[in-house]
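# Remarks on the overall topology
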Amino acid sequence: MGLQPLEFSDCYLDSPWFRERIRAHEAELERTNKFIKELIKDGKNLIAATKSLSVAQRKFAHSLRDFKFEFIGDAETDDERCIDASLREFSNFLKNLEEQREIMALSVTETLIKPLEKFRKEQLGAVKEEKKKFDKETEKNYSLIDKHLNLSAKKKDSHLQEADIQVEQNRQHFYELSLEYVCKLQEIQERKKFEFVEPMLSFFQGMFTFYHQGHELAKDFNHYKMELQINIQNTRNRFEGTRSEVEELMNKIRQNPKDHKRASQFTAEGYLYVQEKRPAPFGSSWVKHYCMYRKAAKKFNMIPFEHRSGGKLGDVEVFSLKECTKRHTDSIDRRFCFDIEAADRPGPLTMQAFSEEERKQWLEALGGKEALSHNFNRAIIPRPEGSAQLDKMGFTIIRKCISAVETRGINDQGLYRVVGVSSKVQRLLSMLMDVKTCNEVDLENSADWEVKTITSALKQYLRSLPEPLMTYELHGEFIVPAKSGSPESRVNAVHFLVHKLPEKNKEMLDILVKHLTNVSNHSKQNLMTVANLGVVFGPTLMRPQEETVAAIMDLKFQNIVVEILIENHEKIFRTPPDTTFPEPTCLSSSPPNAPPRQSKRQGQRTKRPVAVYNLCLELEDSDNPNPSKEDTPTSSLDSLSSPSPVTAAVPGPPGPDKNHLLADGGSFGDWASTVLSSRKARAVYPCEAEHSSELSFEIGAIFEDVQTSREPGWLEGTLNGKRGLIPQNYVKLL
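The structure displayed is predicted, hence computed values, not measured ones. (Residues numbered from 1 in each chain as written. Predicted model: local features only at pLDDT ≥ 70, side-chain atom pairs only at ≥ 80, totals over all residues. Heavy atoms only, no water.)

As a further point, take the overall build of the chain. Helices and strands together make up the secondary structure of the chain, namely 21 helices and eleven strands. For the chain, buried positions account for 52% of its 734 residues. Considering only contacts within the chain whose residues lie at least 6 apart along the sequence, 69% involve residues at least 24 apart. When the accessible surface of the chain is summed, it comes to about 34600 Å², and 50% of that surface belongs to carbon and sulfur atoms. (Helix = DSSP H or I, 4+ residues; strand = E, 2+ residues; numbered from the N terminus. Buried < 20%, exposed > 50% of the residue type's maximum accessible area, 1.4 Å probe, protein only. Contact = heavy atoms within 4.5 Å. Areas by Shrake-Rupley, 256 points an atom, 1.4 Å probe, with all protein chains shown as cover.)

So, in structure tokens, the structure goes:
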């Protein structure tokens, strides 16, 4: 598992875990900064120390080999993996050069040192300055809140109102700065991959001419260089698309932060000051806690956390809520206070919210008086439905636009990437969507409508559909194969899923992808390669139902799905899909990572690498297209909630979502274990146990009495008389 995405909505909660994620990003950037600094120093040694060239090269190669880029989310694209692997490739190449004892090119200063220094100074340096501002504003904000909450309620109303305004203005300024800092952190994490690897690529290219065998070495390196340049360009293009989506989401949240709160398992959560009484004559103190409340279970959790002391977490206290009562200022010399009584804790607790509005929200959640009419945690507002539909008119509009593009502009450079004037696009759409004027619009012969206006109208129409063309329901299933597996297994999985789409969606997708295939066939003229079309149409054809940074980080995988559709149009749309994926062609040469384990000490999931899944786990009986639930492999448990047998053929990665609580209080794992009877399984990868509860085994080992474990992503089985845990994606059910 890489770095966790920083959600903009969390800037407003500013929870302890949010701060932990920020520190992880900061630590990674500091690690990168130190590495680049060391790498620059090593590069200069290559120029200055000709006599010790061999030693300097070895150290340089060693530094490259040991460094690995961290990524945001749970998987990388193939291009990003190639970029990551490029450092090891560069390291191996340096070793070959060292054997020849040749002199390093002096051009290293221009090709490597200066770009890295520029990146370190302009990019990493800018983040450091933002961090200083963020830390300073954090100190100022919470100091001012402390001071403000200590104001006597007996002060004049005008004085109190003025103080309230000042605090609110300061909090808004803090949120603005927090949003910008979070955006900058994530941008630099994504940017550093191509910003760093490109100078390295130039450096290696420049070295060839300074060696006796430089010409031959360059010929050998050329193929890899071209592929890596494509990887870098694809990654850069996806970065640009992702960045625009992230900025759009940030602006939405900035305008209406309350409408974009993330769905939470808690009815209410946030900071409260808790009064802690001390023995006389010391009086009492107020300590800031992060509090969480589940209304269904009436469980109240609170944990002390102080931003200004380095963000150290205290011990969690959990109790059952009995009663909540509002406190008036005539009974306590503080505002925004309320009392709660616990069923399993002596004495009442007095708590203070940050404002009157927040107190009302807590009172509503806790069952006190003066409740608001809205929920503390609001649901994500769905996208508004447009007038675009997949009806006869919709098909006419798309066919009309496609015909015009292929007639007039198939060779136009930047086709679909060059955007039309917004007012003209809207006017064209209005005319096309009007039954009275649609037939009158002549797109093929009229000079009134530019090709870029037509292409923009086509994309806008598809984006205006009530739901994306490839549907919300199948969005997650389309993303899974793009993240893992062999190229063949990816095509098979996407082929399989396309035929699960509603008939109208599939028909429209067929028309569009056929057109995009034609566009890509003219890429020498229009420069719109399959990868470029994927960047343009990924967010047009696919989008998640909930807008979050984590979802936007999957945008690059949406692009890959569209690339697969374009490259395999004939197979996907003209042939029926297989119901199983052949095992020999899709098993990778190396085993996947084991799924994360459940921490026994804290009851939280340990952050370990997410498993890489191969889409080759087939159903038990390949000739049985409708297996019963009892015969469904554990690798397909994600799909047990769906009546469609197709879902079971595309396994999804295990994760926290599989262990969510059901309405009756049980977990998904508990429920699944009652559905799946015990079976045998064969190991398809070797595994060495990392814990006493796990089993070690070699390829081909046969497990008896295999059942679903309570641990998501794991099975329980018996091997040689010993029972233990088995990584689910290391075995195949028999």
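Turning our attention to the packing of helix H2 (residues 16–48) against helix H6 (residues 157–207). At a minimum axis distance of 11 Å, the contact between H2 and H6 shows a crossing angle of 30 degrees. One element, H2, and the other, H6, form an angle in the roughly parallel class. Regarding H2 and H6, the two cross each other, and that crossing is left-handed. Here Phe18, Arg19, Ile22, His25, Glu26, Glu28, Leu29, Thr32, Phe35, Ile36, Leu39 and Leu46 of H2 come into contact with H6, specifically with Phe174, Ser178, Tyr181, Val182, Leu185, Gln186, Ile188, Gln189, Lys192, Phe196, Met200 and Phe203. Grouping the amino acids of the contact of H2 with H6 by side-chain chemistry returns 15 nonpolar, five polar and four charged. (Axes fitted to C-alpha atoms, helices over the stretch in contact; angles between N-to-C directions. Parallel < 35°, antiparallel > 145°, perpendicular 65-115°, else oblique. Left-handed = near helix turned anticlockwise from the far one by under 90°. Nonpolar A, V, L, I, M, F, W, Y, C, P; charged D, E, K, R; others polar.)

As a further point, take the nonpolar core. Ranked by internal contacts, the top residues of the largest apolar core, which has 98 residues, are Phe8, Leu64, Phe90, Phe196, Met200, Phe300 and Ile340. Tallying contributions element by element places H6 first for this core, with 17 residues. Membership of the second largest hydrophobic core comes to 61 residues, among which are Cys401, Leu458, Val498 and Val536. (Core = buried A, V, L, I, M, F, W, Y, C linked by side-chain atoms within 4.5 Å.)

A rise of 1.5 Å per residue sets the reference length of helix H11 (residues 451–463), with its 13 residues, at 18 Å; its end C-alpha atoms lie 19 Å apart and thus fit the reference within 8%. The buried fraction of H11 amounts to ten of the 13 residues, a majority that puts the element mostly inside the structure. Of all the residues in H11, the buried ones are Val451, Thr453, Ile454, Thr455, Ser456, Ala457, Leu458, Lys459, Tyr461 and Leu462. For H11, the secondary structure elements touched by its buried residues are helix H9 (392–408), helix H10 (422–432), helix H14 (503–521) and helix H16 (530–541). (Expected span 1.5 Å × (residues − 1).)

This part covers a positive patch on the surface. There is a patch of like positive charges on the surface, built from Lys34, Lys37, Lys41 and Lys128. The element best represented in the positive patch is H2, accounting for three residues. (Patch = residues over 30% accessible without salt bridge, like charges linked within 9 Å, V, L, I, M, F, W, Y side chains within 5 Å. Salt bridge = Lys/Arg side-chain N within 4 Å of Asp/Glu carboxyl O. Lys, Arg positive; Asp, Glu negative; His and termini not counted. Charge placed at Lys NZ, Arg CZ, Asp CG, Glu CD.)

On average, residues of the chain score 77 in pLDDT, and 79% of them reach the 70 mark or higher. When mean pLDDT is compared element by element in the chain, H14 scores highest at 95, while helix H20 (residues 583–586) scores lowest at 34. Low pLDDT, under 50, characterises residues 581–591; the stretch is placed with 29 contacts to residues that sit more than four places away or in other chains. (pLDDT = per-residue confidence, 0-100.)

Pairing in this open sheet of five strands is antiparallel, and the strands run S10-S9-S8-S7-S11 from one edge to the other. The open sheet has two edge strands with one neighbour each: strand S10 (722–727) and strand S11 (731–733). Ignoring which end each strand starts from, the neighbouring axes of this sheet average 40 degrees apart. As judged from the three bridges shared by strand S7 (residues 679–683) and S11, these two strands associate in the antiparallel manner. Bridged to alanine 681 within S11 is leucine 733. (Pairing = 2+ DSSP bridges.)

Our focus in this paragraph is the pairing of strand S6 (residues 349–352). Alternating residues of S6 divide into Leu349 and Met351 and Thr350 and Gln352, and every residue in both groups is buried. The sheet contact formed by strand S1 (residues 268–277) and S6 spans two bridges and is antiparallel. Within the sheet, the bridge partner assigned to tyrosine 273 lies in S6 and is glutamine 352. In this sheet, S6 lies alongside strand S5 (residues 337–342) in antiparallel orientation, the contact comprising four bridges. Each residue of the ladder has a partner; that of phenylalanine 338, found in S6, is methionine 351. The turn joining S5 and S6, which pair antiparallel and follow one another in sequence, is formed by six residues; a positive phi near 75 degrees is taken by glycine 347.

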